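Structural overview for review
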Amino acid sequence: SWPQQLPPSAVSLPARTKWGYLLFVDGRKIELAGERVSFGRYQIDTGTQSLRPDIDLNGLPESDTVSYMHAALSSSGGSCILSDLNSTNGTFINGQRLEPHKVVLINDGDMIHFGRVACTFRKT
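Presented here is a report on the structure given in the accompanying data block. Model, not experiment: these values are computed from the prediction. (Residues numbered from 1 in each chain as written. Predicted model: local features only at pLDDT ≥ 70, side-chain atom pairs only at ≥ 80, totals over all residues. Heavy atoms only, no water.)

Here the focus is the pattern of salt bridges. Applying the stated criterion to the full structure yields 4 salt bridges. Linking Glu 62 and Arg 116 is a salt bridge whose minimum nitrogen-to-oxygen distance equals 3.0 Å. You can see Glu 62 sitting in the loop between β4 (55-56) and β5 (71-76) and its partner Arg 116 sitting in the loop between β10 (111-114) and β11 (117-123), a full 54 residues away along the chain. Judged by its relative accessible area of 52%, Arg 116 is exposed. One salt bridge connects Arg 122 with Asp 108, and the closest N-O pair in it is separated by 3.3 Å. Remark: Asp 108 occurs in the loop between β9 (104-106) and β10 and Arg 122 occurs in strand β11; sequence separation between them is 14 residues. (Salt bridge = Lys/Arg side-chain N within 4 Å of Asp/Glu carboxyl O. Helix = DSSP H or I, 4+ residues; strand = E, 2+ residues; numbered from the N terminus. Buried < 20%, exposed > 50% of the residue type's maximum accessible area, 1.4 Å probe, protein only.)

With respect to the secondary-structure elements, Val 104 resides in strand β9. In sequence terms Val 104 and Leu 82 are 22 residues apart; their C-alpha atoms lie 5.3 Å from each other. Residues in contact with Val 104, not counting those within four places in the same chain, are Cys 80, Ile 81, Leu 82, Ile 93 and Leu 98. (Contact = heavy atoms within 4.5 Å.)

Written out as structure tokens, the structure reads:
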């Protein structure tokens, strides 16, 4: 009979495509997948909401220089872009401070600093 039902195991959601990773100075590696990834420090707010970035940088050396919502990395059409989310201590690419909310193209091997937390961007 038509249409034929597929068994549940044959139906799969699109995988979150990995497009890169960050390699931190302490050896930690964080995979980047999906359209947009936010970085910061998880903070439980005593008020009404919690600030929860996609990637929590708490626990890394110098993480106290990272804002709660610090920066975002995105991938679209093979290009990778970084934007600072108006952080207190800045986001830097190869030593150049980003203007808040302005997107900048990043390349494989670029050095990124979230405040004083350093990592290298690698494209996959």
